[in-house]
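# Architecture and fold: a report
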Amino acid sequence: MGPTRAQFIQYAPAALAVVPLVAGPWSALAAAVAGAGAWAVGVSAPVLRSLIGCGFTATGCGIAAHEVLAAGGNPLIALGLAAPAGAAALAHRRNLVSHIPALVPTAAGGGAGGGLTSQAQLITAWWKEFISGPTQTEGRKLIQAGANLEHLALEADGDHVSFTGIITLPQGQQVRVRAADIAAVYQIPVSQVELGDPKHYAPNALPVTVQLKVPAAQPQIAAGTPTTPEEVWAAYVAVPEGAMPGTTLSVTRYDGPLDWEGVATRDRRAIGTVNLQDLAGNLELETIQIALAPGDKPSQMGVRVMREHALMHGTMLSLVVNELSMDSRGYIRAGTYVDGRAALLPLAQPGSGARHLYLVGGSRSGKSGLLEQILLSAHRSRIAVVLASPQAGTIAGSSLSAYLGDGLDEAMGALRLAYAMMLDREARYRSPSFPFTDPLVLVVIDEAHMLLSVSSPYHLEAKAIVEQLTRRSLKRGIGVVLATQTPLAEDLGNSTVIRSQLLIGGGAVFLRCAKGQGSLVGANAVEGAEGIDLSMIPSQWPGQYAKVADRDMSGLATEAAAAPEDGTFGLGYLLTPGSQAVQFRSLHLDVPPVSLAGGERPVGIEDCDAWRERDAITQTPMVDKRGKNLIGSLADLLAAAEGAPSSQELAACPNPAGLHVVTGPARSGGAPAASDGQELIKPRILELLREQSIPMTAETIARKLGTSAKNIKPRLSELKKRDEVTNENGLWRAA
């Protein structure tokens, strides 16, 4: 092998200093060859200049020494002329050391050569680019200029790569480079950077060790420790104190310890109710990572463990539009089960009547979205809807309802109307018959706790009406969809009748609840859903917090839409009669449900006494002041509604508008006796509705006219009979 570039540059001046003693003028040729060779190998300009200067000095000394010897001069004089050539060689050596970095011997795996390896060169280049300089990308600020990395040593062994060095600065300066800075430069975790303690070192010299590549930690499995799903199941789940004692697991699919499916079997005995929390604890998993699927045999239960949840990407509403209508068995598509099957909800039972639905879900759980989906399914199935929404304006699909009670008072009126419809059908249907010509009716009660809880001003009346509806309405083709934020008994007015009738008469959907409010055990236990804690359903999928941390400051994206992966909206458990609660997720509303209604008018309720007198009925309390003696027949209800508002109530009403009101009973089917005061307020109502050109509730009209709703609502009914105003879903407008 010939000399390396570094060796050539180092030892060429020494040769030039010796050649003049032998070659004479030929040393000039040697100097020229040395300079040309140095230029050819690409040395830096200062080193090349030093080498050429050294060559010229040695050449001059060589020529002079040759002339002395040729003239017969003293040989000692010729030998003395070699001294300047040697001095030039030493000067070149000093220049070489100051301009070429010190060569670092390579460690194991670094090669046999004496130069920097490619990895060491890359490490040094990154250090100078981002930390110390002098090289720097335009627009980037160095971490600490001049903080050089000296005594670099690289270690590379298989899948482990690290380097050590000393961060040095001129005397009097202090190292300010942090471990986080180095980790950011080399794109590694901070835990892989170790800086020396400044207390034990000089302020301007600090040792550093960086683990560029750390070998994967190998799990230490003790002898006899169960590792396979079958072994773990036998050791922790099938034992007497486990979640499913006496069972054995047969794995049907295995893609790793966090992604497998199997069937748990108990020999000739029913498995019974499984506590999902206990099972997750036995397997050392989160509850959301486990899904159970009851089989056809009571002695078998399907088990699925998931690394990435199967429902994370959701099912788009627009893709299953044809499955939203009710089928011949009375079921609609509500979502997707964890095993990929369609999750179905019953709204009717052929040959029997309607079905109930109990819906539980806290804030941001997807409860309102599921209600919108149910309203769309009812509309496409030709089911009329009476919607009671105590929290006004929360249901986007409210325009699909035949009657809307928007707001606390109006929602109570919607309950009264639903009860009157049941009494009306009971009077007309002496014996249950299905199907009948009148449409199915769905009474949807959102945020039911606002009406049923003890703190509600309508607690006693609402509780009495809902209890009767859930008990008696199914045979009359009227189903109840009741939605609350928690499964707690107080949300249902502490009524065990309401919950039991809802669960017996239909299905239940359980979505995420607030912490401490979602347990379905103890007093809140639901058969078929034992052991489920709804507060354990996370609000985000694993790994989503990292996406949130990656901020985009370009401005609010008004066109952006939420994706199923952005949250666990609609994830929960579906319970149908006679089955175990199964994990499912409701459809993702990629399009507004109301946009799929086709522009058709809402399904109307049949023309009957209760519907014709709905304005008076919704204003008629149906219990006495003690909350007892609920009106039990249609005749009594119509008689009570006929006198609403009574002469005593009108006499006691404040009259802030300064109107002269003459009271008189309002007769069903005939116009009430008019008075000057009544006729004075009617033109003002018409003028307001025509000027505003927007629909208004009776309460809004009363507020704008400076009077009470009790004065306005009877006048609106009279104007409607004259066809001067119209009422659609509780909203009044000029005809």
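### Overview of the overall build of the protein chain
A tally of regular secondary structure across the protein chain gives 22 helices and 22 strands. The proportion of buried residues among the 735 residues of the protein chain is 46%. Long-range pairs, those at least 24 residues apart, make up 63% of the contacts in the protein chain with a sequence separation of at least 6. Summing over all exposed atoms, the protein chain offers an accessible surface of approximately 36,600 Å²; the carbon and sulfur share of this is 55%.

### Some thoughts on the sheet that holds strand S9 (residues 331–337)
Hydrogen bonds along the backbone pair up the strands of a sheet, which may run parallel or antiparallel. Taken together, 10 strands build an open sheet; the order of strands is S10-S9-S20-S19-S18-S13-S17-S16-S14-S15 and the sheet is mixed. Only two strands of the sheet have a single partner each, and these edge strands are strand S10 (342–346) and strand S15 (403–406). In this sheet, adjacent strand axes meet at a mean angle of 25° when their direction is disregarded. With respect to the sheet, helix H10 (residues 367–380) is in contact with S9, strand S13 (356–360), strand S14 (384–389), strand S16 (441–445), strand S17 (478–484), strand S18 (506–511) and strand S20 (582–586), its orientation differing from that of S9 by roughly 145°. Sitting on the sheet, helix H11 (residues 408–428) touches S14, S15, S16 and S17, and the angle it makes with S15 is about 145°.

### Considerations on helix H7 (residues 179–186)
Burial within H7 is extensive, with 6 of its 8 residues counted as buried. All of the buried residues in H7 are Ala 179, Asp 181, Ile 182, Ala 183, Val 185 and Tyr 186. At its buried positions, H7 is contacted by helix H6 (118–132), strand S2 (160–168), strand S3 (193–195) and strand S4 (205–213). Two residues or fewer after H7 comes Gln 187, characterised by a positive phi angle close to 55°.

### Examining the pattern of salt bridges
Counted under the stated rule, the structure contains 22 salt bridges. Residue Glu 461 is joined to Arg 416 by a salt bridge in which the shortest nitrogen-to-oxygen separation is 2.8 Å. With Glu 461 in helix H13 (residues 459–472) and Arg 416 in helix H11, this pair connects stretches of sequence that are 45 residues apart. Exposure class is identical for Glu 461 and Arg 416. Each is buried. Its salt-bridge partner being Glu 699, residue Lys 713 comes within 2.9 Å of it at the nearest N-O pair. With Lys 713 in helix H22 (residues 709–721) and Glu 699 in helix H21 (residues 698–705), this residue pair connects regions lying 14 residues apart in the sequence. Counted as one network, the salt bridges with shared partners bring together Asp 424, Arg 425, Arg 428, Asp 438 and Glu 606.

### Considerations on the packing of aromatic side chains
Here the structure, examined in full by the defined rule, presents 5 aromatic pairs. Measuring from ring centre to ring centre gives 6.5 Å for Tyr 403 and Trp 611, while their planes differ by 85°; the resulting arrangement is edge-to-face. With Tyr 403 in strand S15 and Trp 611 in helix H16 (residues 609–612), this residue pair connects regions lying 208 residues apart in the sequence. On the basis of relative accessible area, Tyr 403 is assigned to the buried category, the value being 9%. By relative accessible area, Trp 611 is classed as buried at 14%. Linked through ring pairs, Trp 126, Phe 130, Phe 163 and Tyr 186 together constitute an aromatic cluster. Here the guanidinium or amino end of Arg 614 rests over the ring plane of Trp 611, the centre of that ring lying 4.0 Å away.

About the cut-offs
Residues numbered from 1 in each chain as written. Predicted model: local features only at pLDDT ≥ 70, side-chain atom pairs only at ≥ 80, totals over all residues. Heavy atoms only, no water. Helix = DSSP H or I, 4+ residues; strand = E, 2+ residues; numbered from the N terminus. Buried < 20%, exposed > 50% of the residue type's maximum accessible area, 1.4 Å probe, protein only. Contact = heavy atoms within 4.5 Å. Areas by Shrake-Rupley, 256 points an atom, 1.4 Å probe, with all protein chains shown as cover. Pairing = 2+ DSSP bridges. Axes fitted to C-alpha atoms, helices over the stretch in contact; angles between N-to-C directions. Salt bridge = Lys/Arg side-chain N within 4 Å of Asp/Glu carboxyl O. Phe/Tyr/Trp six-rings, centres within 6.5 Å; stacked < 30°, edge-to-face > 60°. Lys NZ or Arg CZ within 6 Å of the ring centre and 35° of its normal.

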